[in-house]
Amino acid sequence: MSAILMDKFGLLLTVMIAAQLSGCKTAESTLRIENVRNYDPDAANHILFLDFKITKRDGKTEHVELVNAVSGSGKLKNLAAPVHSPHQISVIPRYSVGHEEVPLFFEHPLFKSVEVASQDGKLSKRDLHAKEGILSVRMQRKNGLEKIELHSLTPDRGDIKIYTLNLK
């Protein structure tokens, strides 16, 4: 691996370890955009591809960590599918300038609903509960993007902020 790539990997690893050791109720970490893999400072538009590992702790609370970050050049197409599950993750971009902060909604990776077939061939939905899951997010990086917040939305607990990714 090149020295630059090793430095970027080391920085990302340091950020993830610091987030683990912070002991905050809501996890928070910082990601330097110029250290994101494939980041092109000369590109007019950037798409961020972020993977978050979400783990259930003590039966209720979620622990979140950024496990992968990649940048791509270009404009994002709005291909988001509607989320019908009552268990969701909202991803909210926060800006230092007047951009509209429109949340993105995803099915909660710890509370999935799947279709299963019975022996008579009828399909029905069954809820699956996991202790760990991956949330993959892609979003357009606009000027002034300061941080990205993740909120857990569940029927029993409501809206709870579970993670903040600060961008530098």
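Preceding this paragraph is the structure being described.
Summary of the structure given here. Since this is a predicted model, take the numbers as computed values, not measurements.

### Comments concerning the sheet that holds strand β5 (residues 104-107)
Working step 1: Strand order in the open sheet formed by 5 strands is β1-β10-β9-β4-β5, with mixed pairing between adjacent strands. Each edge of the sheet is formed by a strand with only one pairing partner; in this case those strands are β1 (27-31) and β5. Neighbouring strand axes in the sheet, compared pairwise and without regard to direction, differ in orientation by 25 degrees on average.

### A word on the packing of aromatic side chains
Working step 1: Evaluated as defined, the whole model comprises 1 aromatic pair.
Working step 2: Ring geometry for F52 against Y163: centres 5.6 Å apart, planes inclined by 70 degrees, an arrangement best described as edge-to-face. Placement of F52 in strand β2 (residues 46-57) and of Y163 in strand β10 (residues 158-167) is noted, with a sequence separation of 111 residues between them.

### Focus on the environment of Y39
Working step 1: If you trace the backbone, Y39 turns up in the loop between β1 and β2.
Working step 2: With residues up to four places along the chain from it excluded, the contact list for Y39 reads I33, E34, H46, S71 and R141.

### Regarding the sheet that holds strand β8 (residues 132-141)
Working step 1: Strand order in the open sheet made by the 3 strands is β3-β2-β8, with antiparallel pairing throughout. Edge positions in the sheet fall to β3 (61-73) and β8, since each has one partner strand and no second. Going across the sheet, the axis of each strand differs from the next one's by a mean of 20 degrees, ignoring polarity.
Working step 2: When β2 meets β3, the two strands line up antiparallel, connected through 12 bridges. Looking at the pairing, T55 lines up with H63 of β3.

### A few points about the side chain of N166
Working step 1: Considering the arrangement of structural elements, one finds N166 in strand β10.
Working step 2: Setting aside chain neighbours within four positions, we find N166 in contact with E28, S29, T30, L31, E146 and K147.

### Quick look at the side chain of T164
Working step 1: As for its position among the elements, T164 is in strand β10.
Working step 2: Leave out the neighbours within four places in its chain, and T164 touches A27, E28, S29, K147, I148 and E149.

### Let's talk about the environment of S29
Working step 1: In this structure, S29 sits in strand β1.
Working step 2: S29 sits 135 residues away from T164 along the chain, and the two C-alpha atoms are 6.6 Å apart.
Working step 3: Among the polar contacts listed, one links the side chain of S29 to the side chain of Y163, at a separation of 2.4 Å.

### Digging into unusual backbone geometry
Working step 1: One non-glycine residue, N38, lies in the positive phi region at around 70 degrees.
Working step 2: When its relative accessible area of 54% is taken as the criterion, N38 is described as exposed.

Scoring rules and cut-offs
- Residues numbered from 1 in each chain as written.
- Predicted model: local features only at pLDDT ≥ 70, side-chain atom pairs only at ≥ 80, totals over all residues.
- Heavy atoms only, no water.
- Pairing = 2+ DSSP bridges.
- Helix = DSSP H or I, 4+ residues; strand = E, 2+ residues; numbered from the N terminus.
- Axes fitted to C-alpha atoms, helices over the stretch in contact; angles between N-to-C directions.
- Phe/Tyr/Trp six-rings, centres within 6.5 Å; stacked < 30°, edge-to-face > 60°.
- Contact = heavy atoms within 4.5 Å.
- Polar contact = N/O pair within 3.5 Å; in protein donor to acceptor, adjacent residues only side chain to side chain.
- Buried < 20%, exposed > 50% of the residue type's maximum accessible area, 1.4 Å probe, protein only.

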